[in-house]
Amino acid sequence: MDIYVGNLAYATTDDGLKAAFAQFGEVTSARVVTDRMTGRSKGFGFVEMPDREQAQAAIDALNGQPLDGRTVRVNESQPKPRTERRGGFGGGYGGPRRDRGDRGDTRW
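Residues numbered from 1 in each chain as written. Predicted model: local features only at pLDDT ≥ 70, side-chain atom pairs only at ≥ 80, totals over all residues. Heavy atoms only, no water.

## So, the nonpolar core
One recurring pattern in soluble globular proteins is that nonpolar side chains are buried together.
Consideration 1: Counting 19 residues, the largest nonpolar core has I3, V5, L17, F21, V47, M49 and V74 as its most contacted members.
Consideration 2: Of all the secondary-structure elements, those providing two or more residues to this core are β1 (2-6), α1 (14-22), β2 (29-34) and α2 (52-62).
Consideration 3: At four residues, the largest contribution of residues to this core is made by α2.
Consideration 4: Ignoring any residue separated from it by four or fewer positions in sequence, one finds V47 in contact with M1, D2, I3, V5, L17, F21, V27, S29 and A30. (Core = buried A, V, L, I, M, F, W, Y, C linked by side-chain atoms within 4.5 Å. Buried < 20%, exposed > 50% of the residue type's maximum accessible area, 1.4 Å probe, protein only. Helix = DSSP H or I, 4+ residues; strand = E, 2+ residues; numbered from the N terminus. Contact = heavy atoms within 4.5 Å.)

## Considering α1
Consideration 1: Taken residue by residue, α1 has L17, A20 and F21 as its buried positions. On an axial view of α1, the arc spanned by its buried residues comes to 90 degrees, and they lie on one face. Exposed and facing more than 90 degrees away from the buried side of α1 are D15 and A19. (Arc of directions from axis to C-beta.)

## Describing the sheet that holds β1
What holds strands together in a sheet is hydrogen bonding between their backbones, with the strands either parallel or antiparallel.
Consideration 1: Here we have four strands laid out as an open sheet, ordered β2-β3-β1-β6, and antiparallel in their pairing. Only two strands of the sheet have a single neighbouring strand rather than two, namely β2 and β6 (73-76). On average, each strand axis in the sheet is tilted by 20 degrees relative to the strand beside it, whichever way the strands run.
Consideration 2: Bridge analysis of β1 against strand β3 (residues 41-48) gives five bridges, and the strand direction is antiparallel. Looking at the pairing, I3 lines up with V47 of β3.
Consideration 3: Sheet strands in contact with α1 are β1, β2, β3 and β6, and its direction is about 140 degrees off that of β2. (Pairing = 2+ DSSP bridges. Axes fitted to C-alpha atoms, helices over the stretch in contact; angles between N-to-C directions.)

## Thoughts on unusual backbone geometry
Consideration 1: In this model, N7 sits at a positive phi of 65 degrees, which is unusual for a non-glycine residue.
Consideration 2: By the secondary structure assignment, N7 is in the loop between β1 and α1.
Consideration 3: In this model, D68 sits at a positive phi of 55 degrees, which is unusual for a non-glycine residue.
Consideration 4: Inspection of the secondary structure assignment puts D68 in the loop between β4 (66-67) and β5 (70-71).

## Let's talk about the pairing of β2
Consecutive side chains along a regular strand alternate between the two faces of the sheet.
Consideration 1: Across five bridges, the pairing between β2 and β3 is antiparallel. Looking across to β3, one finds that S29 is bridged to E48.
Consideration 2: Following β2, the chain reverses through six residues before pairing antiparallel with β3; G39 in that reversal takes a positive phi of roughly 80 degrees.

Put into structure tokens, the structure is as follows:
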């Protein structure tokens, strides 16, 4: 089960996050999300636990509890909603219209 952990202290590390959840069972991975440019924590992370019952026990026990001085929010991770993406440049032809029938001009 994938678990979202929000409101993390900037000092929280991957190992610290893993240790907090390891007391409830096996932790496959624990990752604090960091900014690519600065390397600083974004204040949230994800923990993966293979056993659903152990993961739920960890969620129930740690949600609303302090971790490294901050009260964390812990819940089952939800998939990121996908927005429909349409390719292209918004439609339309950007150049002058040359074929205007009878008029014979090149007005827009």
